[in-house]
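A look at the structure
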Amino acid sequence: MGQPYPPLRSPRGGRLVRGVRRWVTAAAGALALTAGLVAAGPQASAAGLTQVTGFGTNPGNLSMYEYAPTGLSAGRPLVIALHGCTQSASDYYDHSGWPKFADLYGFALVLPQTSSANNSNSCFNWFQPGDTTRGQGEALSIKQMVDKAVAQYGSDTGRVYITGLSAGAGMTADMLAAYPDVFAGGSIDSGLPAYCANDTSSAYTCMYSPPDRTPAQWGDLVRSAAPAGTTSWPRVAIWQGTSDTTVAPANATELRDQWTNVWGIGQTPSRTESLTGGTTLSVYDDGAGRPAVEVYSISGMAHGLAVDPGSGADQCGSTGTYYLDTICSSYHTARFWGLDGGGTGTGALPAPTGLTVTGTTDTTASLTWNAVDGAASYQVFRGGTKVGTTASTGYTDTGLATGTAYRYTVAAVDSSGAAGAASAAVTATTTGFTPTCDTASNYDHTVAGRAYQSGGYTYAKGSQQAMGLWNTFTTHTLKQTSPGYYVIADSGCTA
């Protein structure tokens, strides 16, 4: 998206904002690099992307662009995708990978676009109450685009989703809070908690050092923005790189606290999984055992959207400024929302039923499922990545890490090689535990979930050992001796 800087001028030609000198010094180089883009204002012109006019009163002064597969039938899902600062709808369309899954899974895609007329860096105004409140400004313009697309494509109003990068992610969080009756799910990529900021100055605070509010305080911000009496909430995916210096990784923790609290569930993961690209997935299930919140932490990734160019089923997108080659976030988000169900591949075979974990060891997981009529073989997926093909109705996955949870699905393949719909997922947890050692600052330990801070001091999770001041200068080595239990091991640590 480009860096999500709020403008140096207030939206729509307001007065100069003062009191941000420290940020101006730090960001001057980045702003100079994007000055040409800001001055010109991005335009959407990608092949296959069509501009739509007359979608409503458009109080937020946005532009609407859309893409839909040829012959899209009624009753299919709808995805709204918000670009970042200095970007455009066509830029997001070209790089994010979402068009691939619109074609593959069958849904319409709407890409709202803002401009320098709204914000000097062409950011969505995620920090301005007049643009994030239900029924006002940019938020209402986006809602009007949803209504237009639903009428045009006959989209399923129970399967409308929204995603965005950085400033677009901040607006995504606000939209999920303001319109939980519209969106069944959202994905916040390198973004910020809903209503973290209400002006330019507080926006910088949220970006670089978000307030350490309690989960209930974060949740109250969502509940107060939603219609009175709301009891049904969107399912939320949170994506964050651990080396992001534009939107601090602590925002992912605050986002997790916010949305797990809204769902009425705890902040301890139901399970964790290791995915490609150095990605750790933490899943927080609702009371029925379904994932309600998922947090994807990408080791070493800077600020941007995670993509993974290639032709594989779990690959997507192309690299560019703030499109980083790690893992295809759009693929995993689409699966989290269930967009791959009922027509995942080109084949017509139904999803296998009865997928069951029959056993685990320290390094293996064994599965069985019911046969599908007409199936020549079956594909087995771990964490969304194909790990094997078999002609039988059983499979043993090998080479796994000890004491780790893995999520599996299976798809039937017909005689032409076309895979059908994926099965419901099951989770297998290997036995044993492998100790790990991590050396980092106290701040980074808390961001990674190995420690927590209280009153400005840091403590190791599990052992509660005092680690000193919560900052980026104090460094310790922590050893994880059992799941969620860490001890200080500065004198030496052997995993």
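In this text the structure is predicted, and so the values were computed from the model without any measurement. Starting from 1, residues in each chain are numbered consecutively following that chain's sequence as written. Where totals are concerned, whole chains, interfaces and linings use all residues; where local detail is concerned, this predicted model gives features only for residues with pLDDT of at least 70, and gives and counts side-chain atom pairs only at 80 or more. Note that water and hydrogens are dropped before the side-chain values are worked out from all heavy atoms of the structure.

Points about the state of the cysteines
Cut-off, in case you're wondering: Two cysteine sulfur atoms form a disulfide, by the criterion used here, when they sit within 2.5 Å. Note on conventions: DSSP H or I runs of at least 4 residues are helices, E runs of at least 2 residues are strands, and numbering of each starts at the N terminus. The cut-offs for exposure are 20% and 50% of the maximum accessible area for each residue type, with area from a 1.4 Å probe on protein chains only; residues under the lower value are buried, those over the upper are exposed, and the others partly exposed.
Taken as a whole and judged by the stated rule, the model has four disulfides. Each sulfur of the disulfide joining Cys 85 and Cys 123 lies 2.0 Å from the other. With the S-S dihedral at roughly 120 degrees, the linkage between Cys 85 and Cys 123 falls on the right-handed side. Of this pair, Cys 85 sits in the loop between β3 (78-82) and α2 (89-95) while Cys 123 sits in the loop between β4 (108-113) and α4 (129-132); the two residues are 38 residues apart in sequence, bridging distant segments of the chain. Neither Cys 85 nor Cys 123 differs from the other in exposure class; each is buried. Here Cys 196 engages in a disulfide with Cys 206; their sulfurs sit 2.1 Å apart. With the S-S dihedral at roughly -105 degrees, the linkage between Cys 196 and Cys 206 falls on the left-handed side.

Description of the sheet that holds strand β25 (residues 475-482)
Strand pairing within a sheet occurs via backbone hydrogen bonds; the two strands may be parallel or antiparallel. Stated formally: Two strands are counted as paired when DSSP detects at least two bridges linking them. Note on definitions: angles span 0 to 180 degrees between N-to-C directions of axes, and those axes are lines fitted to C-alpha atoms, for helices only across the stretch in contact.
What the three strands build is an open sheet, ordered β21-β25-β26; its pairing is antiparallel. Of all the strands in the sheet, the pair left with one neighbour each is β21 (436-441) and β26 (485-488). Within the sheet, the average angular offset between the axes of one strand and its neighbour, ignoring direction, is 35 degrees.

Quick word on the nonpolar core
The condition is simple: The set of buried Ala, Val, Leu, Ile, Met, Phe, Trp, Tyr and Cys residues whose side-chain atoms join them within 4.5 Å is what this entry labels a nonpolar core. In what follows, residue pairs with any heavy atoms lying within 4.5 Å of each other are defined as contacts.
Of all hydrophobic cores here, the largest spans 61 residues; its most connected members are Leu 78, Ile 80, Trp 126, Phe 183 and Trp 259. Looking at this core element by element, the count peaks at eight residues for helix α6 (residues 167-178). Those residues within four positions of Ile 80 in sequence are excluded, and the remaining contacts are Val 110, Pro 112, Ile 142, Val 146, Tyr 161, Ile 162, Thr 163 and Phe 183. Core analysis: the next-biggest nonpolar cluster, separate from the first, contains 37 residues, Leu 165, Val 283, Ala 306 and Cys 316 among them.

Regarding the packing of helix α8 (residues 215-225) against helix α9 (residues 250-263)
The line we're drawing: Orientation categories follow fixed angle ranges, with anything under 35 degrees roughly parallel, anything over 145 roughly antiparallel, 65 to 115 roughly perpendicular, and all other angles oblique. Left-handed describes a crossing whose near helix is turned anticlockwise from the far helix through less than a right angle; right-handed describes the clockwise counterpart. Note on residue categories: nonpolar means Ala, Val, Leu, Ile, Met, Phe, Trp, Tyr, Cys or Pro, charged means Asp, Glu, Lys or Arg, and polar means any other residue, Gly included.
At a minimum axis distance of 7 Å, the contact between α8 and α9 shows a crossing angle of 65 degrees. Taken together, the axes of α8 and α9 lie roughly perpendicular to each other. The two elements α8 and α9 meet at a crossing, and its hand is right-handed. Contacts from Pro 215, Ala 216, Trp 218, Gly 219, Leu 221, Val 222 and Arg 223 in α8 reach Glu 254, Asp 257, Gln 258, Trp 259, Asn 261 and Val 262 in α9. Of the residues belonging to the contact of α8 with α9, the class tally is seven nonpolar, three polar and three charged.

A short note on the side chain of Ser 122
We count it as follows: What qualifies as a polar contact is a pair of N or O atoms within 3.5 Å, subject to a donor-acceptor requirement within protein and to the restriction that residues adjacent in sequence count only when both atoms come from side chains.
Relative to the assigned elements, Ser 122 resides in the loop between β4 and α4. Within polar-contact distance, the side chain of Ser 122 engages the backbone nitrogen of Ser 116 at 3.2 Å.

Some points on helix α7 (residues 200-208)
Listed as buried for α7 are Thr 200, Ser 202, Ala 203, Tyr 204, Cys 206 and Met 207. Capping the start of α7 is the job of one residue whose side-chain oxygen sits 3.4 Å from the backbone nitrogen of Ser 201: Asp 199.

Some points on the environment of Ala 466
Within the secondary structure, Ala 466 is located in strand β24 (residues 466-469). As for Ala 466 and Val 487, which are separated by 21 residues in sequence, their C-alpha atoms are 9.8 Å apart. Not counting chain neighbours up to four residues away, the residues in contact with Ala 466 comprise Thr 458, Tyr 459 and Ile 488.

Looking at the pairing of strand β9 (residues 279-285)
Consecutive side chains along a regular strand alternate between the two faces of the sheet. Most of β9 is tucked away, with six of its seven residues classed as buried. Where strand β8 (residues 271-275) meets β9, five bridges bridge the pair, whose relative direction is antiparallel. When the sheet's bridge partners are listed, Leu 275 is paired in β9 with Thr 279. Between β8 and β9, which pair antiparallel in sequence order, lie three residues; one of them, Gly 277, sits at a positive phi of approximately 70 degrees. When β9 meets strand β10 (residues 291-298), the two strands line up antiparallel, connected through seven bridges. By the bridge assignment, Ser 282 is partnered in β10 with Val 295.

Here we look at the environment of Trp 470
With respect to the element layout, Trp 470 can be found in the loop between β24 and β25. According to the relative accessible area criterion, Trp 470 is partly exposed, its value standing at 30%. Along the sequence, Trp 470 and Thr 446 sit 24 residues apart, while their C-alpha atoms lie 8.6 Å from each other. Leave out the neighbours within four places in its chain, and Trp 470 touches Asn 442, Tyr 443, Thr 446, Gln 453, Gly 456, Tyr 457 and Thr 458. A distance of 2.9 Å separates a polar atom in the side chain of Trp 470 from a polar atom in the side chain of Thr 446.

Considering the pattern of salt bridges
Note the cut-off: Here a salt bridge means any side-chain nitrogen of Lys or Arg lying within 4 Å of a carboxyl oxygen belonging to Asp or Glu.
In the structure shown here, the tally under the stated rule is 12 salt bridges. One salt bridge in this structure joins Asp 156 and Arg 159, with 3.0 Å as the shortest N-O distance. For Arg 159, a relative accessible area of 23% corresponds to the partly exposed category.

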